[in-house]
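Structural description and commentary
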Amino acid sequence: MMEDDHAGRRGTGRSRRLARAVYVEQAPRQYYAPDWQHAHATCYDEPSLAALQTQLACDTPAFDEDQICTVFATEPTAPERKLLLAEMAKSPAYARNAVMAGHTRHDWRDLLPTIGLPSLVLVARQGQVLPWRGPAWVGEALPDARTVFFEHSGHALFFDEPEKFHRTVTGFLTDSRNDDSNDTDVLV
């Protein structure tokens, strides 16, 4: 009998589990609250989410241009900008709106302390999207987290400091101290 493991692969005959987690510029909450002041710069409550979704649905090219202006600390070259816009255009507005709505409305602060995975939390200090304290809070809340700050990066820190990003993530994923046993896989 063929069995599906947790990663969805068929035929391995053994269960697999998530070995570790990497959080790139993720805050536990995007909306303002009396006890949370580290909200998203432009999507911080239901009306601002509706405005973002409307702009994305009605004028996707303008929305994408605006995203490029806000997620990077460095200015992309003309070929990079063209590539980024082409990649963004591959995802339809309805799908992007659904992802944003689902992820924006949740408050994960109570869940994070229960996650026992070795975790890497990457935080951009120059971000215009999220105040750095929001993603840094994730690293404080996760019991087995290593937090790395990207001093010269915006929200797209993999673009602004690609060598540091690659070195940091690769080092974390290949560090055997992060494995509890030999039956773990890293899903990338």
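Residues numbered from 1 in each chain as written. Predicted model: local features only at pLDDT ≥ 70, side-chain atom pairs only at ≥ 80, totals over all residues. Heavy atoms only, no water.

Here the focus is the side chain of S48. With respect to the element layout, S48 can be found in helix α1 (residues 46-58). In contact with S48, not counting residues within four places along its chain, are T42 and C43. (Helix = DSSP H or I, 4+ residues; strand = E, 2+ residues; numbered from the N terminus. Contact = heavy atoms within 4.5 Å.)

Another point: the pattern of salt bridges. Counting across every chain of the model gives 10 salt bridges. Salt-bridge contacts for R109 lead to D35; the nearest nitrogen and oxygen are separated by 3.3 Å. You can see R109 sitting in the loop between α4 (93-104) and β3 (119-124) and its partner D35 sitting in the loop between β2 (21-24) and α1, a full 74 residues away along the chain. For R109, a relative accessible area of 15% corresponds to the buried category. Note on D35: relative accessible area 55%, which makes it exposed. Note that R109 is salt-bridged to D107, the shortest N-O span being 2.6 Å. Look at D107 and you get partly exposed, because its relative accessible area is 29%. (Salt bridge = Lys/Arg side-chain N within 4 Å of Asp/Glu carboxyl O. Buried < 20%, exposed > 50% of the residue type's maximum accessible area, 1.4 Å probe, protein only.)

Before going further, it helps to spend a moment on the confidence of the model for the chain. Predicted confidence across the chain gives a mean pLDDT of 87, with 85% of residues reaching 70 or more. Overall, residues 1-15 carries pLDDT values under 50, and its contacts beyond four positions in sequence, including any with other chains, amount to 21 contacts. Segment residues 181-188: pLDDT under 50, and 20 contacts once partners within four positions in sequence are set aside and those in other chains are kept. (pLDDT = per-residue confidence, 0-100.)

Residues A21, Y23, L112, I115, L117, V121, V123, A136, V138, A141 and L142 constitute the largest nonpolar core, which totals 11 residues. Residue assignment for this core shows that the elements contributing at least two residues are β2, β3 and α5 (133-141). In terms of residue count, α5 provides more of this core than any other element does, 3 residues in total. In contact with A21, other than residues within four places in its own chain, are L117, P118, S119, L120 and F172. Grouped together as the second largest cluster of nonpolar side chains are 9 residues, Y31, C43, L49 and A93 included. (Core = buried A, V, L, I, M, F, W, Y, C linked by side-chain atoms within 4.5 Å.)

Moving on to the sheet that holds β3. The strand order β2-β3-β4 describes an open sheet built from 3 strands, whose pairing is parallel. Strands at the two margins of the open sheet, each flanked by one partner only, are β2 and β4 (145-150). Within this sheet the neighbouring strands show an average axis-to-axis angle of 15 degrees, counted without direction. Note that β3 and β4 share 6 bridges and pair parallel. The partner of V123 across the bridge, within β4, is F149. Packing of α5 onto the sheet brings it into contact with β2, β3 and β4, and relative to β3 it is tilted by some 160 degrees. (Pairing = 2+ DSSP bridges. Axes fitted to C-alpha atoms, helices over the stretch in contact; angles between N-to-C directions.)

On to the packing of helix α2 (residues 60-71) against helix α3 (residues 78-89), then. It is at 10 Å that the axes of α2 and α3 come closest, and there the two elements cross at 125 degrees. By the criterion of interaxial angle, the relationship of α2 to α3 is oblique. Taken as a pair, α2 and α3 cross one another with a handedness that is right-handed. Contacts between α2 and α3 pair D64, E65, Q67, I68 and C69 from the former with R81, L84, L85, M88 and A89 from the latter. (Parallel < 35°, antiparallel > 145°, perpendicular 65-115°, else oblique. Left-handed = near helix turned anticlockwise from the far one by under 90°.)

Turning next to the layout of surface pockets. By volume, the largest pocket is sized at about 1,000 Å³. Lining the largest pocket are 35 residues; nearest its centre among them are F63, Q67, V71, M100 and H155. Taken together, the elements giving at least two residues each to the lining of the largest pocket come down to α1, α2, α3 and α4. Residue contributions to the lining of the largest pocket peak at 6 residues, all from α2. In terms of residue class, the lining of the largest pocket is made up of 18 nonpolar, 13 polar and 4 charged. Taken as a whole, the second largest pocket spans an internal volume of roughly 180 Å³. As for the second largest pocket, its lining consists of 13 residues, and the residues nearest its centre are Y23, Q26, A27, P28 and W108. A class-by-class count of the residues in the lining of the second largest pocket yields 8 nonpolar, 4 polar and 1 charged. (1 Å grid on protein atoms, 1.4 Å probe; cavity = no way out; pocket = protein on both sides within 12 Å on 5 of 7 lines; lining within 4 Å. Points joined across faces, edges and corners; volume = space filled by probe spheres on them. Nonpolar A, V, L, I, M, F, W, Y, C, P; charged D, E, K, R; others polar.)

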